[in-house]
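Each chain is listed here by its residues.
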Amino acid sequence: MKKILFILTLTILSAGSVLAQAAASPQTALEVRLTFTRQSGSASNQFAVWIEDAQGRYVKTLYATRWTANGGFERRPSSIPLWVRVSGLAGMPRDQIDAVSGATPRNGALSYTWDGTDSRGAAVSAGDYSVVIEGTLRWENQVYYRAPIRLGSGNAAARVNVEYTGDRDTTAERAMIRDVSVTVLR
């Protein structure tokens, strides 16, 4: 009888722990949507999407173009340099690079989700974060999207701010990344 009670108690405690973990880390925390249009020519089509905390510290990369992540940043330092610096790409383990990078996508609508975890897979606390998108339009011409979000506030669309930098007119190249939206799902 004692064995049965002991096993039953362990089962209930284990089930409670599993349910508490599931409640603490829902499947998706937010969704980032954008429209991508490949640019012709060289020194373009590189971008990264990542999360920062309220102090601007790197939390996690959702996506980065494989060419830059696999060493392209060493051959062309102007390729998404902010992400390269804040992510610590130069010291990142190969398996972590492979987990966040992918081939340059085809034209069209893209979607990236964040599950509310950091780069080690640990759940982050509710609070203020930012979604950052950096794109290399052509050579030193860059686009930066930033969307401040509040995780844990329920469903809400975030305001997305955009800034273009560089020394040349990028009007034609600005179509590379557009229609950016960020929706907090929890």
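Every chain's residues receive numbers from 1 upward, in the order its sequence appears when written. Only residues with pLDDT of at least 70 are given local features in this predicted model, and only at 80 or more are side-chain atom pairs given and counted; all residues enter the totals for whole chains, interfaces and linings. Hydrogens and water molecules were not included; the side-chain quantities draw on all heavy atoms of the structure.

> Would you mind showing me how to read the nonpolar core here?
Side chains of a nonpolar character, in soluble globular proteins, are inclined to be buried together. The nonpolar core is taken to be a set of buried Ala, Val, Leu, Ile, Met, Phe, Trp, Tyr and Cys residues, with the residues joined through side-chain atoms within 4.5 Å. Accessible area is worked out with a 1.4 Å probe on protein chains only. A residue is then buried under 20% of its type maximum, exposed over 50%, and partly exposed in between. Formed by 30 residues in total, the largest nonpolar core has its most connected members in Val-32, Leu-34, Phe-47, Tyr-112, Trp-114 and Ile-177. Only DSSP runs of H or I with at least four residues qualify as helices, and only runs of E with at least two residues qualify as strands; both kinds are numbered from the N terminus onward. The set of elements that each furnish at least two residues to this core consists of β1 (30-36), β2 (46-53), β3 (58-65), β5 (108-114), β6 (127-138), β7 (141-151) and β10 (177-184). Apart from residues no more than four positions distant in its own chain, Ile-177 is found in contact with Leu-34, Thr-35, Phe-36, Phe-47, Ile-133, Gly-135, Val-143 and Tyr-145. Trp-50, Ile-80, Trp-83 and Val-84 belong to the second-largest nonpolar core, a separate cluster that totals 12 residues. In what follows, a contact means two residues having at least one pair of non-hydrogen atoms within 4.5 Å.

> What's the story with the packing of aromatic side chains in this structure? I'm lost.
For any pair of aromatic rings, the description rests on two quantities: the centre-to-centre distance and the angle between the ring planes. Think of it this way: a Phe, Tyr or Trp ring, Trp meaning its six-membered ring, pairs with another when their centres are within 6.5 Å, and the plane angle makes it stacked under 30 degrees, edge-to-face over 60, tilted otherwise. This structure, assessed with the given rule, holds 4 aromatic pairs. For the ring pair Phe-47 and Tyr-63, a centre distance of 5.0 Å and an interplane angle of 45 degrees mean the geometry is tilted. Taken as a pair, Phe-47 in strand β2 and Tyr-63 in strand β3 lie far apart in primary sequence, 16 residues in all. Residue class for Phe-47 comes out buried when judged on its relative accessible area of 0%. Site record: aromatic cluster; members linked through ring pairs are Phe-36, Phe-47, Tyr-63 and Tyr-112. Consider the ring centre and the ring normal. A charge sits over the ring if Lys NZ or Arg CZ is within 6 Å of that centre and within 35 degrees of that normal. Over the ring of Tyr-164 we find Arg-174, and its NZ or CZ is 3.8 Å from the ring centre.

> It is not clear to me how unusual backbone geometry should be interpreted in this structure. Could you clarify?
When glycine is set aside, most residues are seen to have a negative phi, and most peptide bonds are trans. With phi around 65 degrees, Asn-45 is a residue other than glycine that occupies positive phi space. In this structure, Asn-45 sits in the loop between β1 and β2. Judged by relative accessible area, Asn-45 falls into the buried class, the value being 7%. Despite not being glycine, Asp-179 has its phi angle at roughly 55 degrees, a positive value.

> Can you help me understand the environment of Gly-102 in this one?
Following the sequence through the fold, Gly-102 ends up in strand β4 (residues 101-102). Take Gly-102: its relative accessible area is 11%, and that puts it in the buried class. When the C-alpha atoms of Gly-102 and Trp-67 are compared, they prove to be 8.4 Å apart, with 35 residues separating the residues in sequence. Gly-102 has contacts with Tyr-63, Ala-64, Thr-65 and Arg-66, leaving out every residue within four places of it along the chain.

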